[in-house]
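What follows is the residue order along each chain.
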Amino acid sequence: MAEQTHVLFVEDDDVIREATQLALERVGFAVTAMPDGLSGLEAFRADRPDIALLDVMVPGLDGVSLCRRIRDESTVPVIMLSARADSIDVVLGLEAGADDYVTKPFDGAVLVARIRAVLRRFGHASGPAGRGAADDAAAGGGVLSFGDLEVDTEGMEVRRDGRPVSLTPTEMRLLLEFSSAPGTVLSRDKLLERVWDYGWGGDTRVVDVHVQRLRTKIGQDRIETVRGFGYKLKA
């Protein structure tokens, strides 16, 4: 019997927390549900879940701060829950290291689909997923060089000026997409499909924030914005 995927769910609303926990357990996830950020951090350190689902507005230690604390210790995937799609909380959560976000109120089936999509990218769950350029680059192996930047597509390592660069799995997949086609403009929609496994329309802010995070690590001028079209990696 396959081992259950363990979800840490931090939500202060009792009704939402209990209903969502039941919905996730019904489809086979093991869920640890906590009502505040501090207990969520303790549960994360004790249980080391496969994925963290964090509401932005929780007491004690808010979801964004909790995401930062988790990201300081782990590359485990994180999905933020935000009550408002246009909220600055969405961007703050992504900048803190979250891999994706879901807007409340959410449909249970949509939430499950988003969780599974993130887990597939991180190799924690099985299921049909499109093969992107990142997968092809990794399968091909080899070290790609772009000026002072080296991308080891087999060892999944990145070096800049000979020094290792620490990337989250999502950032690594994003860089692999760019490095598989240097000089080619990749649209935000294409990156959402290839990196985030979105078979539906998604919020391109997820792409923009991750590109900015990637730039801070590999060089601000390494990825060029092509206004109105997308991004490209300078060869």
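None of the values given here were measured: they were computed from a predicted structure.

## Digging into the overall build of the protein chain
Then step 1. When its secondary structure is counted, the protein chain shows 9 helices and 11 strands.
Then step 2. Taken across its 235 residues, the protein chain has 47% of its residues classed as buried.
Then step 3. Of the contacts made within the protein chain by residues no fewer than 6 positions apart, 58% connect residues no fewer than 24 positions apart.

## Describing the packing of helix 7 (residues 169-179) against helix 9 (residues 205-218)
Then step 1. Two numbers describe how helix 7 lies on helix 9: the axes approach to 10 Å, and their chain directions differ by 85°. One way to sum up the angle between helix 7 and helix 9 is to call them roughly perpendicular. On helix 9, the residues that touch T170, E171, L174, L175 and F178 of helix 7 are H210, V211, R213, L214, K217 and I218.
Then step 2. Its residues assigned to classes, the contact of helix 7 with helix 9 comprises 6 nonpolar, 2 polar and 3 charged.

## Details of the nonpolar core
Then step 1. With 49 residues, the main nonpolar core has L54, M80 and F178 as its most contacted residues.
Then step 2. Per element, the largest residue contribution to this core is 6 residues, and it comes from helix 9.
Then step 3. Setting aside residues no more than four positions away along its own chain, F178 makes contact with L186, L191, V211, L214, I223, Y231, K232 and L233.
Then step 4. I79, V112, I115 and V118 belong to the second-largest nonpolar core, a separate cluster that totals 16 residues.

## Brief notes about the environment of A96
Then step 1. Take A96: it is sitting in the loop between helix 4 (88-95) and strand 5 (100-103).
Then step 2. Separated by 24 residues in the primary sequence, A96 and D72 place their C-alpha atoms 9.8 Å from one another.

## Quick look at the packing of helix 4 against helix 9
Then step 1. Contact geometry for helix 4 and helix 9: axes closest at 9 Å, N-to-C directions at 40°. The angle between the axes of helix 4 and helix 9 places the two elements in the oblique class. Helix-helix and strand crossings are classified by hand; for helix 4 and helix 9 the assignment is right-handed. Across from V90, V91, L94 and E95 in helix 4, the residues of helix 9 making contact are R205, V206, V209, H210 and R213.
Then step 2. Grouping the constituent residues of the contact of helix 4 with helix 9 by class yields 5 nonpolar, 1 polar and 3 charged.

## Some thoughts on the pairing of strand 1 (residues 6-10)
Then step 1. Within strand 1, 5 of the 5 residues are buried, which leaves the element mostly enclosed by the surrounding structure.
Then step 2. Every second residue of strand 1 is oriented toward a common face, with H6, L8 and V10 on one face and V7 and F9 on the other, all of them buried.
Then step 3. One ladder, built from 5 bridges, connects strand 1 with strand 2 (residues 30-34); its direction is parallel. Among the inter-strand pairings, V10 is bridged to a residue of strand 2, identified as M34.
Then step 4. As paired elements, strand 1 and strand 3 (residues 51-55) share 4 bridges and run parallel to each other. Across the sheet, residue F9 finds its bridge partner in strand 3, namely L53.

## A few points about the side chain of D152
Then step 1. Here D152 is to be found in strand 7 (residues 149-152).
Then step 2. The charged side chain of D152 is buried without a salt bridge, its nearest counter-charge being R159 at 4.9 Å.
Then step 3. Separated by 2.8 Å, the side chain of D152 and the backbone nitrogen of G155 make a polar contact.
Then step 4. With near-sequence residues (within four places) excluded, D152 lies in contact with G142, V143, E157 and M172.

## A closer look at helix 7
Then step 1. Helix 7 sits mainly inside the fold: 10 of its 11 residues count as buried.
Then step 2. For helix 7, the full list of buried residues reads T170, E171, M172, R173, L174, L175, L176, E177, F178 and S179.

## A word on the sheet that holds strand 7
Then step 1. The 4 strands are arranged 6-7-8-9 in an open sheet whose pairing can be described as antiparallel. Bordering the open sheet on either side are strand 6 (143-146) and strand 9 (163-165), each of which pairs with just one other strand. Across the sheet, the mean angle separating the axes of adjacent strands is 25° when strand polarity is ignored.
Then step 2. Pairing of strand 8 (residues 157-160) with strand 9 involves 3 bridges; the strand directions are antiparallel. Bridged to R160 within strand 9 is R163.
Then step 3. Relative to strand 7, helix 7 is tilted by about 105°, and along the sheet it contacts strand 6, strand 7 and strand 8.

What counts, and at which threshold
- Residues numbered from 1 in each chain as written.
- Predicted model: local features only at pLDDT ≥ 70, side-chain atom pairs only at ≥ 80, totals over all residues.
- Heavy atoms only, no water.
- Helix = DSSP H or I, 4+ residues; strand = E, 2+ residues; numbered from the N terminus.
- Buried < 20%, exposed > 50% of the residue type's maximum accessible area, 1.4 Å probe, protein only.
- Contact = heavy atoms within 4.5 Å.
- Axes fitted to C-alpha atoms, helices over the stretch in contact; angles between N-to-C directions.
- Parallel < 35°, antiparallel > 145°, perpendicular 65-115°, else oblique.
- Nonpolar A, V, L, I, M, F, W, Y, C, P; charged D, E, K, R; others polar.
- Core = buried A, V, L, I, M, F, W, Y, C linked by side-chain atoms within 4.5 Å.
- Left-handed = near helix turned anticlockwise from the far one by under 90°.
- Pairing = 2+ DSSP bridges.
- Lys, Arg positive; Asp, Glu negative; His and termini not counted.
- Salt bridge = Lys/Arg side-chain N within 4 Å of Asp/Glu carboxyl O.
- Polar contact = N/O pair within 3.5 Å; in protein donor to acceptor, adjacent residues only side chain to side chain.

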